[in-house]
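Coordinate analysis (summary)
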Amino acid sequence: MTADPTDASPAARHQRWCQRRLAELDAPQGWPGLIGLIWLEPGDNAVGAGADCLVRLPDGPERLGLLRWQGTSITWEPAGGGVQALQTDAQGEPTPVRSGTYQFFIIEREGRLAVRLRDLEWQAKRPFAGLECLPYTPAWSIEAAWETLAEPVTMEVPTVTGELKAVTVRHRAVFDHAGQTVALLPMETGEEGVFFVFRDAGSGRLTYGAGRFLRCPPPQDGKVLLDFNRAYNPPCAFTPFATCPLPPPENWLGFAVEAGELKYRGGH
């Protein structure tokens, strides 16, 4: 996302953040445009509108081509001839393949490969229901202590696809709320910042039931800024074809975080 002007007020920056979120979602390549998630098998995987195709398109040629998964590589072989090496999302931006109004690309999850299928004209068929955010509240922008754990902890993080992902955690964010000490464990920590997945007492009532995501700037001087005003819904709030991590029990908060994105009204 584009950085905000430094002279803008926190409320103005928050409003622009909400507008950018809306623009990202309500776009041809937004999450609501996904129409399929198909797990591949090693070897040949047929793509097309034919009933015998593993990756079945809603319409178009009976056999569009072949996805060939061999070892650590996957290639696209169109029915008309040729071979194209495909990059998965684990290697960076995945290589898109387009056919008419449809687009697909390869994702990698715990050693498994899947096709994520998108309808680039989804907006004409089911308009986006919009996005609601709570007004900016300064009290929910919290400077937490960034503590190094005495020993790394391995969390078993569930996903919406029913799998468990092992995540090694070496730090935690610690802050006080209503006289209690609270800790959040990060899912990812890197040069670009820290990523949390959490659930709170408002989940399912005020906000998305499965929890929300929060991205924070890199820690500085032993502190990390948890701006819950920018807590946002995971992709699985907008599509059944996501592979979102769910909040680990360690990140279930006993109070409602009344900030950030509200529950999506559109459903799926």
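All of the points below concern the structure found in this document. (Residues numbered from 1 in each chain as written. Predicted model: local features only at pLDDT ≥ 70, side-chain atom pairs only at ≥ 80, totals over all residues. Heavy atoms only, no water.)

1. Digging into the layout of surface pockets
We count it as follows: Points on a 1 Å grid over protein atoms alone make up a cavity when a 1.4 Å probe fits among them but cannot get out, and a pocket when they form an open set with protein on both sides within 12 Å along at least five of seven lines; lining residues each have an atom within 4 Å of a point. Grid points are joined across faces, edges and corners, and a volume is the space filled by probe spheres set on the points. Under this grouping Gly is polar, as are all residues other than the nonpolar Ala, Val, Leu, Ile, Met, Phe, Trp, Tyr, Cys and Pro and the charged Asp, Glu, Lys and Arg.
By volume, the second largest pocket is sized at about 160 Å³. Forming the boundary of the second largest pocket are Trp69, Gly71, Thr72, Ser73, Ile74, Ala85, Leu86, Thr88, Gln91, Glu108, Gly111 and Leu113. Looking at the lining of the second largest pocket residue by residue, the class counts come to five nonpolar, six polar and one charged.

2. With respect to the nonpolar core
Under the convention used in this document: For the purposes of this section, nonpolar cores are sets of buried Ala, Val, Leu, Ile, Met, Phe, Trp, Tyr and Cys residues that join through side-chain atoms within 4.5 Å. We call a residue buried when its accessible area falls under 20% of the maximum for its residue type, exposed when it is over 50%, and partly exposed in between, using a 1.4 Å probe and counting protein chains only. Helix and strand assignments come from DSSP, with helices taken as H or I runs of at least 4 residues and strands as E runs of at least 2, each series counted from the N terminus. Whether two residues are in contact is decided by their heavy atoms: any pair within 4.5 Å suffices.
Formed by 23 residues in total, the largest nonpolar core has its most connected members in Phe128, Met155, Val167, Met187, Phe195, Phe213 and Phe238. At the level of secondary structure, the elements contributing two or more residues to this core comprise α1 (10–25), β10 (141–158), β11 (164–177) and β14 (193–198). Residue contributions to this core peak at three residues, all from α1. With near-sequence residues (within four places) excluded, Phe213 lies in contact with Phe195, Phe196, Val197, Phe198, Arg230, Ala231, Tyr232, Pro234, Pro235, Cys244 and Pro245.

3. What to know about the sheet that holds strand β7 (residues 97–99)
Here is the rule: Criterion used throughout: strands pair if DSSP finds at least two bridges between them. Helix axes use the C-alpha atoms of the stretch in contact, all axes being lines fitted to C-alpha atoms, and the angles between their N-to-C directions lie in the range 0 to 180 degrees.
Taken together, four strands build an open sheet; the order of strands is β1-β9-β8-β7 and the sheet is antiparallel. In the strand order of this sheet, the two ends are held by β1 (34–39) and β7, each with one partner. Put simply, the sheet's adjacent strands are angled 25 degrees from each other on average, direction ignored. One ladder, built from three bridges, connects β7 with strand β8 (residues 102–109); its direction is antiparallel. The residue of β8 that forms the bridge with Ser99 is Tyr102.

4. Thoughts on the sheet that holds strand β13 (residues 188–190)
Read across the open sheet, the three strands follow the order β13-β14-β15; overall the sheet is antiparallel. Of all the strands in the sheet, the pair left with one neighbour each is β13 and β15 (212–216). The sheet shows a mean angle of 15 degrees between the axes of neighbouring strands, direction not considered. As paired strands, β13 and β14 are joined by three bridges and run antiparallel to one another. In the strand pairing of β14, Glu188 is matched with Phe195.

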